[in-house]
Amino acid sequence: MKYFILFGPPGAGKGTHAGALAQKYNLKHLSTGELLRAEIAAGTPLGIQARDLIAAGNLVPDEVVEGMIEKAFDSCTGIDGFLLDGFPRTLPQAEALDRITAARGETVTGVISIMIPDEEVFNRIAHRAEIEGRADDASKTTIAHRIETYHAQTEPLIEYYRKTGKYHEVAGFPGSIEEVRERVLELVENI
Ligand code: ADP
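The rules behind these values
- Residues numbered from 1 in each chain as written.
- Predicted model: local features only at pLDDT ≥ 70, side-chain atom pairs only at ≥ 80, totals over all residues.
- Heavy atoms only, no water.
- Helix = DSSP H or I, 4+ residues; strand = E, 2+ residues; numbered from the N terminus.
- Near = heavy atom within 4 Å.
- Polar contact = N/O pair within 3.5 Å; in protein donor to acceptor, adjacent residues only side chain to side chain.
- Areas by Shrake-Rupley, 256 points an atom, 1.4 Å probe, with all protein chains shown as cover.
- Salt bridge = Lys/Arg side-chain N within 4 Å of Asp/Glu carboxyl O.
- Buried < 20%, exposed > 50% of the residue type's maximum accessible area, 1.4 Å probe, protein only.
- Arc of directions from axis to C-beta.
- Contact = heavy atoms within 4.5 Å.
- Axes fitted to C-alpha atoms, helices over the stretch in contact; angles between N-to-C directions.
- Left-handed = near helix turned anticlockwise from the far one by under 90°.
- Core = buried A, V, L, I, M, F, W, Y, C linked by side-chain atoms within 4.5 Å.

*Asks:* Describe unusual backbone geometry, listing the residues and the values that go with them.
*Replies:* Trans peptide bonds make up the majority, and among non-glycine residues the majority have a negative phi. Cis geometry marks the peptide bond from Phe-87 to Pro-88; its omega dihedral reads -5°. As for its placement among the helices and strands, Pro-88 is situated in the loop between β3 (81-85) and α5 (91-103). That bond from Phe-173 to Pro-174 is cis: its omega, -5°, falls within 30 degrees of zero. When you line up the elements, Pro-174 lands in the loop between β5 (167-171) and α9 (177-189). Positive phi is not limited to glycine here, since Asn-26 has a value of about 50°. Topologically, Asn-26 is positioned in the loop between α1 (14-25) and β2 (27-31).

*Asks:* A description of the site of the ligand should follow, citing residues and the corresponding values.
*Replies:* In the neighbourhood of the ligand, 20 residues make up the surrounding shell, with Thr-32, Asn-58, Arg-89, Arg-128 and Arg-146 lying closest. Contact distances for the ligand include 2.9 Å between a nitrogen atom and a side-chain N or O atom of Gln-93. For the ligand, an oxygen atom lies 3.0 Å from a polar atom in the side chain of Arg-134. Here the ligand, which alone exposes 550 Å², has 96% of that area covered by the protein. Of all the elements, helix α2 (residues 32-42) adds the most residues to the shell around the ligand, at four residues.

*Asks:* Account for the pattern of salt bridges, naming residues and giving values.
*Replies:* It is possible for side chains bearing opposite charge to pair when their charged atoms get close. Within the structure shown, the criterion is met by nine salt bridges. Between Glu-189 and Lys-24 there is a salt bridge; the shortest N-O distance is 3.1 Å. Highlighted residues: Glu-189 in helix α9 and Lys-24 in helix α1, separated in sequence by 165 residues. Overall, Glu-189 belongs to the partly exposed group, its relative accessible area being 48%. A relative accessible area of 47% means that Lys-24 is categorised as partly exposed.

*Asks:* Account for helix α3 (residues 45-55), naming residues and giving values.
*Replies:* Each α-helix winds once per 3.6 residues, and so residues spaced three or four apart point in a common direction. Restricting attention to buried positions, one finds in α3 the residues Gly-47, Ala-50 and Ile-54. Viewed along the axis of α3, the buried residues span an arc of 75°, placing them on a single side of the element. For α3, the exposed residues lying more than 90 degrees away from the buried face are Pro-45 and Asp-52. Tucked into the core, α3 has its buried residues touching α2. Downstream of α3 by a residue or two, Gly-57 has a phi angle that is positive, lying close to 85°.

*Asks:* Now, about the packing of α2 against α3: what can you tell me, with residues and values included?
*Replies:* Where α2 contacts α3, the two axes come as close as 8 Å, and the packing angle between them is 115°. Every pair of crossing elements has a handedness; the one defined by α2 and α3 is left-handed. For the pair α2 and α3, contact is made by Leu-36, Glu-39 and Ile-40 and by Leu-46, Gly-47, Ala-50, Arg-51 and Ile-54, respectively.

*Asks:* Give me the nonpolar core: which residues, what numbers.
*Replies:* Grouped together as the largest cluster of nonpolar side chains are 30 residues, with contacts concentrated most on Phe-7, Phe-73, Leu-84 and Tyr-161. For this core, the elements supplying multiple residues, two or more each, are β1 (2-7), α3, α4 (62-75), β3, α5, β4 (110-115) and α8 (156-162). With residues near it in sequence (within four places) discarded, Phe-73 still touches Tyr-3, Leu-30, Phe-82, Leu-84, Leu-97, Ile-100 and Arg-104. Counting residues in hydrophobic clusters, the runner-up holds 21 residues, among them Ala-12, Ala-18, Ile-114 and Leu-187.

Interpretation note: all reported values are geometric properties and have no functional meaning in isolation.
Given below as structure tokens:
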């Protein structure tokens, strides 16, 4: 099984490019953000726990997303691997992923990182807020806090995966969606 990680700041285009990748390589696209939003919409205890954290631009606890990912790994069949979007987002999550894959006799295949500058994060999320109406996209303060959280907690993963030779990066800006998609597909072809 392949275990690809789509990495990058909020709004980098992970969700935008996941579909094409998942289809081309017969991967199950797992977005922790989408899974969490489904729990919130269904009003589950997990969703209730996650709702206010997400709306404020904070991360949900590591154990929560780790549990969701493990459950998804166990329940998917007929695929060649997974495309993780928005997970891992902290060092403990990355270590948990190593343990979870090791227990299955597998390992992370590669990290596909889409990089965009902070100003562009602001522009894109403000634009997305008008289209998707997500609570965590609505305020400048929340967006700024998510960018801070990304730099403080998620960016250290770059070094973590660089050390293992699994880190690969493309520019998510400048360029059209199609141009960035081409970069991503070409990168994965060479992993
Ligand atoms: P974006 O790409 O804009 O960051 P996501 O849909 O990936 O949006 O995530 C939305 C929110 O869900 C995050 O800001 C965070 O609160 C929560 N979340 C998603 N994935 C994780 C994770 N791996 N660990 C903790 N919180 C997460």
